[in-house]
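Fold and contact review
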Amino acid sequence: RWTKENLNELNKEFLRSLPKEIRFSAGGFEVLIVHGSPYRLSEYIYEDADEEYLLKMLAESGCDFLICGHTHIPYCRMLPGGKRVVNAGSIGRPKHGNSEAVFALIDFSRDVDVSFVYVPYDVESAAAEIIKKGLPEEFAKQILRGR
């Protein structure tokens, strides 16, 4: 709600212009990057998602390597046939048990290697800046929760 009320029309137009997905081939994989899922921007795909559902989703999406986010919880899930689902983590709104930013680093150059890089940052200063800028206090609390 805060975002909708505080973004101007130019900001909203920019956000609407961003691609809903990114596709490319790498390391013998058809890779698809989305925010939530190939079906919905706001769908949560957790690591324990039903395997049949994930395989169906990948098949219908024409990919065998899905990179997503939305849950803010990093993981790499291996599926039958060498297929994979990777959640890239979160920069700035952690939900993985600590306050560090985390992102996925994926190397397709030989065998696929997925690693997660954790980056500490001054969450207290970030939370204070959120409050100072007049954003909802809940935003500050969200980045402090992982400590």
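In this report, we go over the structure that sits alongside the text. Given the structure is predicted, the values throughout are model-derived calculations rather than measurements.

**Some thoughts on the pairing of strand β1 (residues 22-26)**
- In terms of strand pairing, β1 meets strand β2 (residues 29-33) through five bridges, oriented antiparallel. When the bridges of β2 are listed, Ser 25 appears paired with Glu 30.
- What sits between β1 and β2 in their antiparallel hairpin is a turn of two residues, with Gly 27 showing a positive phi close to 55 degrees.

**Things to note about the packing of helix α4 (residues 123-132) against helix α5 (residues 137-144)**
- The contact between α4 and α5 brings their axes to 8 Å, and the two run at 170 degrees. Classified by the angle between their axes, α4 and α5 sit roughly antiparallel to one another. Counting all contacts with α4, which are made through Val 123, Glu 124, Ala 126, Ala 127, Ile 130 and Ile 131, the residues of α5 involved are Glu 137, Phe 139, Ala 140, Ile 143 and Leu 144.

**Focus: the nonpolar core**
- Ranked by internal contacts, the top residues of the largest apolar core, which has 13 residues, are Ile 45, Leu 54, Leu 58, Leu 66, Cys 68 and Val 85.
- Taken together, the elements giving at least two residues each to this core come down to α3 (51-61) and β3 (65-68).
- With near-sequence residues (within four places) excluded, Leu 58 lies in contact with Cys 63, Asp 64, Phe 65, Leu 66, Leu 79, Lys 83, Arg 84 and Val 85.
- Core analysis: the second largest hydrophobic core is formed by 10 residues, Ala 26, Ile 67, Val 86 and Phe 108 among them.

So, how was this worked out
- Residues numbered from 1 in each chain as written.
- Predicted model: local features only at pLDDT ≥ 70, side-chain atom pairs only at ≥ 80, totals over all residues.
- Heavy atoms only, no water.
- Pairing = 2+ DSSP bridges.
- Helix = DSSP H or I, 4+ residues; strand = E, 2+ residues; numbered from the N terminus.
- Axes fitted to C-alpha atoms, helices over the stretch in contact; angles between N-to-C directions.
- Parallel < 35°, antiparallel > 145°, perpendicular 65-115°, else oblique.
- Contact = heavy atoms within 4.5 Å.
- Core = buried A, V, L, I, M, F, W, Y, C linked by side-chain atoms within 4.5 Å.
- Buried < 20%, exposed > 50% of the residue type's maximum accessible area, 1.4 Å probe, protein only.

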